[in-house]
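The lines below spell out each chain.
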Amino acid sequence: MRTLVAIALLGCATLANAQAVLIRGATVHTVADQGVLTDTDVLLRDGKIAAIGTGLSAPAGATTIDANGRALTPGLFGGLSAIGVEEVSLEPTTADAGVILNAPAFETQWRPEFDVTAAYNPRSVLVPVARVEGLTWTVLAPASAEGGTFLAGQGAAVTLDGRYDAVLSNSRSLFINLGGNSNALSAGSRAGQWMLLDQAIRETRSPSANDEHVLLHPAGREALAKYLGGGRVVFGVARAAEIRRVVAFAKRYGMKPVIAGGAEAWVVADELAREKVPVLLDALENLPYTFDGIGARLDNAALLQRAGVRIAFTQFNESHNARKVRQLAGNAVAHGLPKDAALAALTAQPAEIFGLAGERGRIARGQVADLVLWNGDPLEVTSAADQVWIAGRAVEMRSRQTELRDRYLKRLQ
Amino acid sequence: MHGIRYLLCCAVLTGACANVPAQPEAKKPEVAAVPIEPANPYPSTYQAGAATATLIRGATVLTGTGTRLDNADVLIANGKIEAVGQNLSAPGGARVVDASGRWVTPGLIDVHSHLGVYPSPGVNAHGDGNEATDPVTPNVWSEHGVWPQDPGFQTALEGGITAMQILPGSANLIGGRAVTLKNVPATTYQAMKFPSAPQGLKMACGENPKRVYGGQSRAPSTRMGNVAGYRQAFADAQDYREQWRKYEREVAQYNEKHQKKSDAKDKEDEEADEPPVPPKRDLKLETLVGAMTGDIRVHIHCYRSDEMAIMLDLSKEFGFKIAAFHHAIEAYKIADLLAANGVCGAEWADWWGSKMEMFDGIQENIAFTDLPQGGCAIVHSDSDEGIQRLNQEAGKAMSRGIRAGLTIAPERAIRWLTANPARALGIEQLTGTLEPGKMADVVIWNGTPFSVYALAEQVFVDGQLAFDRANPPPQPRSDFLLGQPGAGAQP
């Protein structure tokens, strides 16, 4: 076993060509028990965080960076997105986030076996645009589009360092979008959503060979079965009453639920805390966009955190500007969320939610060296990332947007 | 009001009735020409609330004129800015606000909002922003679709927004007239309508119109079709204007003839002498004529630099002035051209990419638009979320410009969301800066407004305290939210 690990590490090191990096004198936001460490050094080696302390000496050949007190944080979570899955949202040949079978209602087929990560393109221009802003990973979420299904399929976390095999193990999740916005996909009623979910589960558990109008193919039943035994299921849901139904449903069928959206999650915060159900939320959502989210408010994040609910920030249907997720965190702070909790909701908490806590989300020895050095307060809109590392490698701080900037600034001056 | 100005304008241009005002002693014509557009039949009923005099003391003041004053006072009296400076004294009965450590700015103005026409909740019944039944609908007015109970007005106020332009959407080549509103609670839109603000005309370039109509196998389905559509519409408007000018000449001739007759006391054939009949009103062309005369200000949704240049040529072809390009994702590529033409670029700080025409967005766009001499950059929202934090959008844009090596002081950047939008909307004489005599539209911030942690503590509209974070309204302002369980939670 030990040999296997060693070989794996060696492989990693070769792949990453990982030169050691020593970051000196940073304000290290560990997002771990140690809290914030001032004037501290962090050593990155073989793609991992090798040491944290003061007066660390640089190994031979290591690159040394003087942080001069600048903030160093774990790499940020880009939220649920379609980064690398959609290049231009409105161009169908470049947008792969959802499966659309356009079947009539009575012939609806569900495809839980659809896995959006199979469309991921690490060479998408969206990847560097996100990366240079400190986003080092995201969760690719399948979309429920018109003509598709509200059980959208599977997604998973990917690292944004540009590698082809980018999916992070343990993070695969099923995505189900409930509520009024899915009524058109559930025969006109949100009650129909529970009806169809129950049918899918029955088909999974006891497939009938003769029924022509089945929801699931064998591959779909197989895929769904994995989630009935403790798999992670992300439920897009806003209304308090429906959040409670999700919690009960997930419990009944042995799923590990995650609430996405949760405009009214604060109403049932105590229940979510008790059942250890985390919430992915957009902290800027304070208007009743739908009748499902009448109770939307700016202190949703603060109320949930205070009640003991695990939260993480995400935008919805926003891949190009995924970098705005930092602004969500800052605004949550302005509306009552402690700063350390806000940073955790961009780092350690989403890593925990998606099964990656052992390797990502904190600055701790042995964690993957996904780090960001900031020129100011990491949550402030006027701050920017000075340098990003993913798996111990310094990211080239360029994107198509910085190229455009440089070309036209020259012409203006 | 528009109508009267059109009439005067025509009189001067044609010379047909120039002799009327020039000879005040002459007998009054018996027939007055019907104006091309009658006085606004949907007038503002906005009434500034009774405002106590207020002295804001000891703040960092960004006046919106490009000046920053430290440890300065702002005196508000009779709903107007009375004075800005140091050691001002409070008149008797004035409310005094200790604003040490606070920043004070003009009320923020959003040049691009769809509040009220695409309100929350976004149900089918509320989709009142696009008359997407014809690509050319200059006859529709956004104000006739504004729902004053949109909860988004209050959340915008809490973000310091004191005035905003509500535009029709971008489905159409020419989407209709836009209206500027004061951000005050009301049960009718007329009670929010910014008094004497000119109306806007919304036009749209690019993908949206050609997608909406091309998808129905109608014109336009290409950018070529888009431009043909604008040109035909304005050509029709030129013809319409000519019909009215002709009519006005006929009225003048008629009166002249009539006057001579009455001088001669020759009334024999007067019965048979019918006065000229005005052309049939055309509400579409009437709006376009208003744009050509400058009474209605042209605002164009346009992303690409090449398309903005085409629209500048179009404006010259038909003799109208463009107030601002909205969204203007590629303004940074033609910042010099925009500045030279005196056209503002109204932009987002960082949104990009959802459409092909948004693919070249950069975060320095606003700063670069602002860079040339005469550049006019505006931070806009087009969003019920973005309008709540235009100050943060400006913070992003400012910091990205600085990071690119430019020098941008806060007193410069604040103009992007105060004085510059006021200029584009034609209300710069009334609001947008903290200068004596202007409307007292003022925001007190808890610190620098360009921060993610910035909160508007007090917002004044015409000197009246419209929002006070320390004493939030006990109930939601919107009737829609009233009595909804858990709704209208305070910030």
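Small disclaimer: the values here were computed from a predicted structure and weren't measured.

### A word on the packing of helix H8 (residues 325-334) of chain A against helix H10 (residues 390-403) of chain B
Two numbers describe how H8 of chain A lies on H10 of chain B: the axes approach to 12 Å, and their chain directions differ by 130°. Of the possible angle classes, the one that applies to H8 of chain A and H10 of chain B is oblique. With respect to the hand of their crossing, H8 of chain A and H10 of chain B are arranged in right-handed fashion. Taken together, the residues of H10 of chain B that come into contact with H8 of chain A (itself represented by Arg326, Gln327 and Asn331 of chain A) are Gln392, Glu393, Lys396 and Arg400 of chain B. In the contact of H8 of chain A with H10 of chain B, the residues fall into no nonpolar, 3 polar and 4 charged.

### Examining the interface of chain B and chain A
Frequently, the measure chosen for interface size is the accessible area removed from exposure when the parts meet. Taken together, the contacts link 56 residues of chain B with 53 residues of chain A. When the buried area of chain B at its contact with chain A is split by residue, Trp352, Val452 and Tyr453 of chain B rank highest and sum to 16% of it. Our count for the chain B to chain A interface comes out at 5 salt bridges. One salt bridge in this structure joins Glu364 of chain B and Arg405 of chain A, with 3.8 Å as the shortest N-O distance.

### Things to note about the nonpolar core
Counting residues in hydrophobic clusters, the biggest one holds 93 residues, and the most contacted among them are Leu272, Ile311 and Phe313 of chain A. Broken down by element, the residue count for this core peaks at 6 residues, all from helix H5 (residues 240-252) of chain A. When residues of this core are sorted by domain, at least three fall in each of domain 1 (1-75 + 362-396) and domain 2 (76-360) of chain A. Beyond its immediate chain neighbours, meaning those up to four positions away, Ile311 of chain A contacts Val279, Leu281, Ala301, Leu304, Gln305, Leu337, Ala345 and Gln349 of chain A. Counting residues in hydrophobic clusters, the runner-up holds 51 residues, among them Phe153, Leu406, Ala413 and Ala454 of chain B.

### Some remarks on the domain arrangement of chain A
Residue and element names in this part refer to chain A. By the assigned domains, chain A splits into domain 1 (1-75 + 362-396) and domain 2 (76-360). Averaged C-alpha coordinates put domain 1 and domain 2 at centres separated by 29 Å. Listed by partner, the interface residues are 24 residues for domain 1 and 29 residues for domain 2. Summing both partners gives a buried area of about 2000 Å² for domain 1 against domain 2, and 60% of it is carried by carbon and sulfur. Among the residues domain 1 hides against domain 2, the three largest losses belong to Arg362, Leu379 and Ile390. Together they make up 31% of the total. The tally of links from domain 1 across to domain 2 stands at 3 salt bridges. Across the pair Arg362 and Glu352 runs a salt bridge, and its minimum N-O distance is 3.9 Å. Scanning the region where domain 1 abuts domain 2 turns up 9 residue pairs in polar contact (both at pLDDT 80 or more). With 4 residues, the top contributor of residues to the side of domain 1 that touches domain 2 is strand S15 (residues 385-390).

### Considering the state of the cysteines
Two cysteines joined by a covalent bond between their sulfur atoms form a disulfide. Residue and element names in this part refer to chain B. Counted under the stated rule, the structure contains 2 disulfides over all chains. Through a disulfide, Cys205 is tied to Cys302; the S-S separation comes to 2.2 Å. The chirality of the disulfide connecting Cys205 with Cys302 is left-handed, given an S-S dihedral of about -90°. Separated by 97 residues along the polypeptide, Cys205 in the loop between strand S9 (200-204) and helix H4 (207-214) and Cys302 in strand S10 (residues 297-302) bring together distant segments of the chain. Each member of the pair Cys205 and Cys302 is classed as buried. The partner cysteine of Cys344 in its disulfide is Cys376, sulfur to sulfur 2.1 Å. Measuring the twist about the S-S bond at about 80°, one finds the Cys344-Cys376 disulfide to be right-handed.

### Some points on the environment of Pro449 of chain B
Residues and elements named next belong to chain B. When you line up the elements, Pro449 lands in the loop between strand S14 (442-445) and strand S15 (456-461). On a C-alpha basis, the gap between Pro449 and Ile427 in space is 23 Å, while along the polypeptide they are 22 residues apart. Residues contacting Pro449, with those up to four places away along its chain left out, are Leu62, Trp103, Thr105, Asn391, Gln392 and Ala454.

### Here we look at the packing of aromatic side chains
Tallying each qualifying case throughout the model produces 17 aromatic pairs over all chains. Both rings, one in Tyr408 of chain A and one in Tyr332 of chain B, keep their centres 5.3 Å apart while their planes meet at 85°; by these two values the pair is edge-to-face. In this pair, Tyr408 of chain A sits in helix H11 (residues 400-412) while Tyr332 of chain B sits in the loop between strand S11 (322-327) and helix H8 (335-340), so the two residues belong to two different chains. Using a relative accessible area of 0% as the deciding quantity, one classes Tyr332 of chain B as buried.

### Considerations on helix H6 (residues 283-293) of chain B
Residue and element names in this part refer to chain B. Counting buried positions over the 11 residues of H6 gives 8, a clear majority of the element. Of all the positions in H6, only Leu285, Glu286, Thr287, Leu288, Val289, Gly290, Ala291 and Met292 are classed as buried. Between the side-chain oxygen of the N-cap and the backbone nitrogen of Lys284 there are 2.9 Å, and the N-cap of H6 in question is Asp282. Following H6 by one or two positions, Gly294 has its phi on the positive side, about 95°.

### A few points about the packing of helix H3 (residues 190-205) of chain A against H5 of chain A
Residue and element names in this part refer to chain A. With their axes 13 Å apart at the nearest point, H3 and H5 run at an angle of 10° to one another. Judged by the inter-axis angle, H3 sits roughly parallel to H5. Residues Arg190, Trp194, Leu197, Asp198 and Ile201 of H3 lie in contact with H5, whose contacting residues are Glu242, Arg245, Val246, Phe249 and Arg252. Residues of the contact of H3 with H5, tallied by class, amount to 5 nonpolar, no polar and 5 charged.

### Thoughts on the sheet that holds strand S6 (residues 108-113) of chain B
Residues and elements named next belong to chain B. Read across the open sheet, the 8 strands follow the order S6-S7-S8-S9-S10-S11-S12-S13; overall the sheet is mixed. This sheet does not close on itself; its edge strands, each paired only once, are S6 and strand S13 (377-379). Here the average twist between neighbouring strands, direction ignored, is 25°. Direction of pairing for strand S7 (residues 161-166) relative to strand S8 (residues 174-182): antiparallel, over a ladder of 4 bridges. Considered in S8, the bridge of Met164 is made with Leu181.

Calculation notes
- Residues numbered from 1 in each chain as written.
- Chains lettered and ligands numbered in written order.
- Predicted model: local features only at pLDDT ≥ 70, side-chain atom pairs only at ≥ 80, totals over all residues.
- Heavy atoms only, no water.
- Axes fitted to C-alpha atoms, helices over the stretch in contact; angles between N-to-C directions.
- Helix = DSSP H or I, 4+ residues; strand = E, 2+ residues; numbered from the N terminus.
- Parallel < 35°, antiparallel > 145°, perpendicular 65-115°, else oblique.
- Left-handed = near helix turned anticlockwise from the far one by under 90°.
- Contact = heavy atoms within 4.5 Å.
- Nonpolar A, V, L, I, M, F, W, Y, C, P; charged D, E, K, R; others polar.
- Buried area = accessible area lost by both parts, 1.4 Å probe.
- Salt bridge = Lys/Arg side-chain N within 4 Å of Asp/Glu carboxyl O.
- Core = buried A, V, L, I, M, F, W, Y, C linked by side-chain atoms within 4.5 Å.
- Buried < 20%, exposed > 50% of the residue type's maximum accessible area, 1.4 Å probe, protein only.
- Domains from an automatic or database assignment.
- Polar contact = N/O pair within 3.5 Å; in protein donor to acceptor, adjacent residues only side chain to side chain.
- Disulfide = S-S within 2.5 Å.
- Phe/Tyr/Trp six-rings, centres within 6.5 Å; stacked < 30°, edge-to-face > 60°.
- Pairing = 2+ DSSP bridges.

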